[in-house]
Amino acid sequence: QLQLVESGGGLVHAGGSLRLSCAASGATLDYYAVGWFRQAPGREREDLLCLSTDGETTNYAESVKGRFTISRDNAKSTVFLQMNTLEPEDTGLYYCAAPCTYYSGLRAASYWGQGTPVTVSS
């Protein structure tokens, strides 16, 4: 079965950028629509982006539109989340997950990792 491991999180000042990685193993990444969601203390889980097997992106969070971009490199079995112009409100634990769908986002995902923490300071 698919296993996912997130990395690349850290501490960054507001306005900065981070690139998160999600390494997949145990199955062929090409077969999965993959996405990212985040969770912060005291806040509801928030689905962010989903990338279909056809290369189409669905955005579920207006707050990150234009700032976050999802991509994949199937040859390296890796999914990326490029985060630009980060804000303190982006602080949280970021997870990649699969599969995601246009209608359900990441809520029906069967696989996800341990998450990678992102802290944005002001």
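Within each chain, residue numbers correspond to sequence positions counted from 1 in written order. Given that the model is predicted, a residue must reach a pLDDT of at least 70 before its local features are reported, and side-chain atom pairs must reach 80 or more before they are shown or counted; all residues, however, enter totals for whole chains, interfaces and linings. Heavy atoms throughout the structure, all of them, feed into the side-chain values; hydrogens and water do not.

Chemist: How do you make sense of the overall build of the protein when you look at a structure like this?
Modeler: Starting at the N terminus, helices and strands are each numbered in turn, a helix being any DSSP run of H or I of at least four residues and a strand any DSSP run of E of at least two. In terms of regular secondary structure, the protein is built from 0 helices and 11 strands. Mapped in sequence order, the helices and strands of the protein form the string β-β-β-β-β-β-β-β-β-β-β. Across the 122 residues of the protein, 42% fall into the buried class. In what follows, a contact means two residues having at least one pair of non-hydrogen atoms within 4.5 Å. Contacts spanning at least 24 positions in sequence make up 57% of the contacts within the protein whose residues lie at least 6 apart. For the area figures, the Shrake-Rupley method with a 1.4 Å probe applies, and any residue is considered shielded solely by the protein chains shown. Carbon and sulfur atoms form 47% of the exposed surface of the protein, whose accessible area is close to 6,500 Å². For the protein, the centre of its 9 positive side-chain charges and the centre of its 12 negative side-chain charges are spaced 2 Å apart. The buried label goes to any residue with under 20% of its type's maximum accessible area, the exposed label to any with over 50%, and the partly exposed label to all in between, with areas taken from a 1.4 Å probe on protein chains only. None of His or the chain ends enter the tally, which takes Lys and Arg as positive and Asp and Glu as negative. Charge placement uses NZ in Lys and CZ in Arg. For Asp and Glu, CG and CD serve respectively.

Chemist: What's the story with the pairing of strand 4 (residues 34–39) in this structure? I'm lost.
Modeler: Along any regular strand, the residues point their side chains to alternate faces of the sheet. Counting buried positions over the 6 residues of strand 4 gives 5, a clear majority of the element. Direction of pairing for strand 4 relative to strand 5 (residues 46–51): antiparallel, over a ladder of 5 bridges. Looking at the pairing, Arg38 lines up with Glu46 of strand 5. What sits between the antiparallel neighbours strand 4 and strand 5 is a turn of 6 residues, in which Gly42 has the positive phi angle 80°. Two strands pair when backbone bridges link them, and strand 4 and strand 9 (residues 92–98) are joined in this way by 5 bridges, in the antiparallel orientation. We call two strands paired when DSSP finds no fewer than two bridges between them.

Chemist: What should I look at first to understand the nonpolar core in this one?
Modeler: Side chains of a nonpolar character, in soluble globular proteins, are inclined to be buried together. We call a set of buried residues a nonpolar core when its members are Ala, Val, Leu, Ile, Met, Phe, Trp, Tyr or Cys and they connect through side-chain atoms within 4.5 Å of each other. In this structure, Trp36, Leu48, Phe68, Leu81, Met83 and Tyr94 are the most contacted members of the largest nonpolar core, which totals 27 residues. Breaking this core down by element, the ones donating at least two residues are strand 3 (18–25), strand 4, strand 5, strand 7 (68–73), strand 8 (78–83), strand 9 and strand 11 (116–121). When residues in this core are grouped by element, the largest group, 4 residues, is from strand 3. Among residues more than four places away in sequence, those in contact with Tyr94 are Glu6, Leu20, Trp36, Phe37, Arg38, Leu48, Phe68, Leu81, Met83, Gly115, Thr116 and Val118. The next biggest cluster of nonpolar side chains, apart from the first, holds 8 residues, and it includes Ala33, Cys50, Tyr95 and Ala97.

Chemist: I tried to follow the side chain of Glu6 on my own but got confused; where do I start?
Modeler: Mapped onto the elements, Glu6 comes out in strand 1 (residues 3–7). Despite its burial, Glu6 remains without a salt bridge, the nearest opposite charge being carried by Arg45 at 10 Å. Apart from the residues lying within four places of it in its own chain, the contact partners of Glu6 are Ser21, Cys22, Trp36, Tyr94, Tyr95, Cys96, Trp112, Gly113, Gln114, Gly115 and Thr116. Salt bridge criterion: a side-chain nitrogen from Lys or Arg within 4 Å of a carboxyl oxygen from Asp or Glu.

Chemist: For this particular structure, what's the right way to read the packing of aromatic side chains?
Modeler: The description of an aromatic ring pair uses the distance of the two centres, along with the angle that the planes make with each other. For Phe, Tyr and Trp, where Trp contributes only its six-membered ring, two rings pair if their centres lie within 6.5 Å, and the inter-plane angle classes them as stacked under 30 degrees, edge-to-face over 60, or tilted in between. Applying the stated criterion across every chain yields a total of 3 aromatic pairs. Ring geometry for Phe37 and Tyr95: centres 4.9 Å apart, planes at 10°, overall stacked. You can see Phe37 sitting in strand 4 and its partner Tyr95 sitting in strand 9, a full 58 residues away along the chain. Ring centres of Tyr102 and Tyr103 lie 5.1 Å apart, and the angle between their planes is 85°; on these two criteria the pair is classed as edge-to-face. Positioned above the aromatic ring of Phe80, the side-chain terminus of Arg19 is 3.9 Å from the ring centre. Geometrically, a charge over a ring is one whose NZ (Lys) or CZ (Arg) sits within 6 Å of the ring centre while staying within 35 degrees of the ring normal. Residue placement shows Arg45 over the ring face of Phe37; its charged tip is 3.7 Å from the ring centre.

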